[in-house]
Amino acid sequence: MTPTRRPLALTVSLALCGAAAAQERPGATLQLFGPGNYQRLATSDVWRSWNGGPTDAILRPGLKLMFFGELDGCPGGTEAPQGGPLQESFDGARWRQLAELTGLPPGRQGQRHRWAPAPEPRLCRGSAADDAPGELAFAQLNTDPDEGGLGLYSTSGPQTRFKAYGPGGQGRTGANAYIQGSFVHFRQAWNGPDPFRPWAGGSESTLQLRSRQGVAQVQAGSARTPEGEVQVKQQLGMTVINPRCLRENRPGQRRLCQIQYLFNTAVYRSGVSDWSRVAWFQQASVMGDPAQGAMPVVHGPVGEAGRVALDAGSQLPLYRSEGAASQHQPFADRLFDLRVRFRDLLAAQRVIVGRQLRRAPENLRAEELEAEFGPDWNRPEAWVLLDVNVGQEAYNRGGRETAAIGGQLRLLEISSLPR
C-alpha cells in the first residue's frame with residue numbers, strides 16, 4: 001500500500017463462513033461488546049493467532065484475536081494459532097504497566113486476562129515469557145462491568161520483539177509492507193438461518209455502527225522523523241455480504257459479493273501536525289485490498305457529527321458520522337457513530353464497479369452491477385452482516401524508531417434503523 005496516499009488496512013480475509021443469531025426486524029440492535037458480556041468473553045473459546053490465514057477455525061462465528069507481524073527468532077511468515085480461554089498472568093505491578101499502555105484499568109485478580117503472540121517452540125528460538133510490557137503486541141481484557149473493556153497494544157521498532165513485516169510484506173506478496181497489526185474480530189453467522197440484516201427496513205433504512213473507544217499511548221516518530229516514515233492508527237471496521245451472490249458463483253467466476261468498510265477513528269503520522277491540510281484525509285475512497293484477494297474496501301476519515309464522507313473521485317456519498325470525529329491526540333471514552341444508508345451502499349457498488357470498468361458510476365447499467373454483486377445487488381434485505389472489527393496498526397518504514405499505539409474498546413454495537 002502507498003502510505004502517503006491512503007490509510008493502512010491490514011486484515012485477514014474472513015470471507016467464507018459464519019453463526020450468532022440476530023434479529024432482522026428494522027430497529028434491531030446487536031451488541032457485540034459491552035459491560036453485559038465482558039465476563040462471557042473471558043471464559044469463551046476465543047480464537048487467537050498471529051499471522052493466521054483463513055482456516056475453518058478462524059472463519060467460524062465468534063471472537064477472534066489476531067496479530068500480524070514478525071517475531072524475533074522465528075522464520076518469516078511463521079503462524080501460531082492458539083484457541084481456548086484468555087489466560088491471567090503477571091503480578092500486580094506488571095498489570096499496572098499494561099494498563100498504562102492501553103488506558104484500560106487492570107482490574108482485580110480474577111477479572112484480568114491477557115494474550116500476546118508467543119514463539120512456536122518447534123520453529124522459533126528464544127522465549128517471550130520474560131518480555132517486559134511494551135516489547136510485544138498484546139490484548140488485555142478487564143471483566144469489571146463498571147470500568148472494564150478490551151485493550152490492544154501494537155508496536156514495532158528496534159527494541160521490540162514483535163515487529164512489522166519487512167519490505168516483502170505479508171506472505172512476501174508485497175501487501176502490508178512495514179506494518180504490524182492487532183485486531184479483534186466479531187465474526188457473525190452470515191449464512192445461518194437468522195443473520196443480522198442491517199437494511200431490513202427497506203430502501204430508506206440505515207445501518208448504524210457505534211463504538212466507545214480511547215487511545216492512551218502513541219509513538220509516531222520525533223520532530224526529526226521524515227513525514228510518512230512512521231504512522232500508527234486505530235480503526236473501526238465491518239464487512240457486509242450478499243449470500244445469494246456468493247452461492248450462485250459459477251466455477252471460474254469471481255464475483256465480489258461483499259464490501260468492507262474501514263473507518264479511521266484515530267491516526268498519528270510523523271511530520272503531520274495539522275490534519276486539515278492533509279488532502280488525502282479529507283474524503284473517503286475505495287480500494288481493492290491485495291491482502292484480501294482484491295476485496296473492495298470503503299475507507300476514510302470520520303468527520304464531525306453530521307458530516308457526510310464523499311468518494312474522492314465521484315463525489316458520491318459513502319457514509320456519514322453522527323458522533324466523535326477522527327482523533328490525532330490521545331483521548332478517552334469517545335463515542336463514534338457511523339451511519340451507512342442503503343442508498344450509500346448502492347453508491348459504493350457503483351464506485352467499485354465503475355473503477356473496474358473505468359466508467360463513471362452514474363453511467364453503469366444494472367447488469368454490470370449484477371455481474372459483480374449478484375441479482376440481489378439492489379435488494380436491501382439481501383445484504384447481511386459478516387464481521388465487525390476493531391484494530392490498531394503500526395507502520396514503520398525505516399525501523400529505526402519505535403511506532404506504537406495503545407488503546408481500548410468498551411462498547412461495540414450495530415443497529416438497523418428504519419431510516
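Above: the structure in question.
Please read these numbers as outputs of a predicted model, since none were measured by experiment. (Residues numbered from 1 in each chain as written. Predicted model: local features only at pLDDT ≥ 70, side-chain atom pairs only at ≥ 80, totals over all residues. Heavy atoms only, no water.)

Engineer: Explain the overall build of the chain here, please?
Structural biologist: When helices and strands are counted, the chain shows six helices and 19 strands. Here the chain holds 419 residues, and the buried ones make up 58% of them. With the model as given, the accessible surface of the chain reaches about 16400 Å², and the carbon-plus-sulfur share is 47%. (Helix = DSSP H or I, 4+ residues; strand = E, 2+ residues; numbered from the N terminus. Buried < 20%, exposed > 50% of the residue type's maximum accessible area, 1.4 Å probe, protein only. Areas by Shrake-Rupley, 256 points an atom, 1.4 Å probe, with all protein chains shown as cover.)

Engineer: Please clarify how the state of the cysteines should be interpreted in this entry.
Structural biologist: Two cysteines joined by a covalent bond between their sulfur atoms form a disulfide. If you walk through the whole model with that rule in mind, you get one disulfide. Bridging Cys245 to Cys257, the disulfide has an S-S length of 2.1 Å. On the S-S bond that ties Cys245 to Cys257, the torsion sits near -70°, and the link is left-handed. Of this pair, Cys245 sits in helix 4 (residues 243-247) while Cys257 sits in the loop between helix 4 and strand 12 (258-269), and the two are twelve residues apart along the sequence. (Disulfide = S-S within 2.5 Å.)

Engineer: Would you mind showing me how to read helix 6 (residues 366-373) here?
Structural biologist: Looking only at helix 6, the buried set comprises Glu368, Leu369, Glu372 and Phe373. Down the axis of helix 6, the smallest arc covering the buried residues is 115°, so these residues share one side. Two residues or fewer past helix 6, Gly374 is found with a positive phi of approximately 85°. (Arc of directions from axis to C-beta.)

Engineer: What's the story with the packing of helix 5 (residues 342-357) against helix 6 in this structure? I'm lost.
Structural biologist: Each pair of packed helices can be summarised by the angle the axes make with each other and by the distance between the axes. With their axes 10 Å apart at the nearest point, helix 5 and helix 6 run at an angle of 95° to one another. If you check the angle between helix 5 and helix 6, you find them roughly perpendicular. Contact residues: helix 5 offers Gln349, Arg350, Ile352, Val353, Gln356 and Leu357, while helix 6 offers Glu368, Leu369, Glu372 and Phe373. Classifying every residue of the contact of helix 5 with helix 6 by side-chain character gives five nonpolar, two polar and three charged. (Axes fitted to C-alpha atoms, helices over the stretch in contact; angles between N-to-C directions. Parallel < 35°, antiparallel > 145°, perpendicular 65-115°, else oblique. Contact = heavy atoms within 4.5 Å. Nonpolar A, V, L, I, M, F, W, Y, C, P; charged D, E, K, R; others polar.)

Engineer: Would you explain the environment of Gln408 in this entry?
Structural biologist: Structurally, Gln408 can be placed in strand 19 (residues 403-417). Spatially, the C-alpha atoms of Gln408 and Leu150 are 5.5 Å apart, while their sequence positions differ by 258 residues. The contacts of Gln408, once residues within four sequence positions are left out, are Thr102, Gly103, Leu104, Leu150, Gly151, Arg212, Gln213, Gly214, Val215, Gln234 and Asp333. In this structure the side chain of Gln408 is engaged in a polar contact, spanning 2.5 Å, whose partner is the backbone oxygen of Thr102. (Polar contact = N/O pair within 3.5 Å; in protein donor to acceptor, adjacent residues only side chain to side chain.)

Engineer: Got a minute to help me understand the pattern of salt bridges in this structure?
Structural biologist: A pair can form between side chains of opposite charge whenever their charged atoms are brought close. Scanning all chains against the criterion turns up 15 salt bridges. The salt bridge partner of Arg339 is Asp337, with a shortest N-O separation of 2.7 Å. For the pair Arg339 and Asp337, one class covers both residues: buried. Its salt-bridge partner being Arg379, residue Glu381 comes within 2.4 Å of it at the nearest N-O pair. Residue Arg379 is classed as partly exposed on the basis of its relative accessible area of 33%. What emerges from the salt-bridge pattern is a single network uniting Arg244, Glu248, Asp376, Arg379 and Glu381. (Salt bridge = Lys/Arg side-chain N within 4 Å of Asp/Glu carboxyl O.)

Engineer: I'm lost on the environment of Gln170 in this one. Help?
Structural biologist: In this structure, Gln170 sits in the loop between strand 8 (162-163) and strand 9 (179-187). Of the residues examined, Gln170 reaches a relative accessible area of 18% and is grouped as buried. Considered as a pair, Gln170 and Gln180 are ten residues apart in the sequence and their alpha carbons are 9.8 Å apart.

Engineer: Teacher, can you tell me more about the packing of aromatic side chains here?
Structural biologist: Scanning all chains against the criterion turns up 14 aromatic pairs. Taken together, a centroid distance of 5.8 Å and an interplanar angle of 85° make the contact between Trp280 and Phe281 edge-to-face. Of the two residues, Trp280 and Phe281, neither departs from the other in class, the shared state being buried. Ring centres of Phe331 and Phe336 lie 6.1 Å apart, and the angle between their planes is 80°; on these two criteria the pair is classed as edge-to-face. One exposure class covers both Phe331 and Phe336, and it is buried. Members of the aromatic cluster, joined through ring pairs, are Phe33, Tyr38 and Phe186. (Phe/Tyr/Trp six-rings, centres within 6.5 Å; stacked < 30°, edge-to-face > 60°.)

Engineer: Would you mind going over the side chain of Asp387 with me for this structure?
Structural biologist: In this structure, Asp387 sits in strand 18 (residues 384-396). Here Asp387 sits buried without a salt bridge, and the closest side chain of opposite charge, Arg187, lies 5.2 Å off (N-O distance). Here His185 takes part through its side chain, which lies 2.9 Å from a polar atom of the side chain of Asp387. (Lys, Arg positive; Asp, Glu negative; His and termini not counted.)

Engineer: It is not clear to me how the nonpolar core should be interpreted in this structure. Could you clarify?
Structural biologist: Generally speaking, a soluble globular protein has its nonpolar side chains buried in company with each other. In terms of nonpolar packing, the biggest core is built from 81 residues, with Tyr261 and Leu412 touching the most fellow members. Not counting residues up to four positions away in its chain, the partners in contact with Tyr261 are Leu236, Gly237, Met238, Val240, Val298, Leu318, Val340, Leu345 and Ala348. Ala57, Met66, Phe68 and Phe183 belong to the second-largest nonpolar core, a separate cluster that totals seven residues. (Core = buried A, V, L, I, M, F, W, Y, C linked by side-chain atoms within 4.5 Å.)

Engineer: What should I look at first to understand the side chain of Gln235 in this one?
Structural biologist: Looking at the element boundaries, Gln235 is found in strand 11 (residues 230-241). On the accessibility criterion, Gln235 (0% relative accessible area) is buried.

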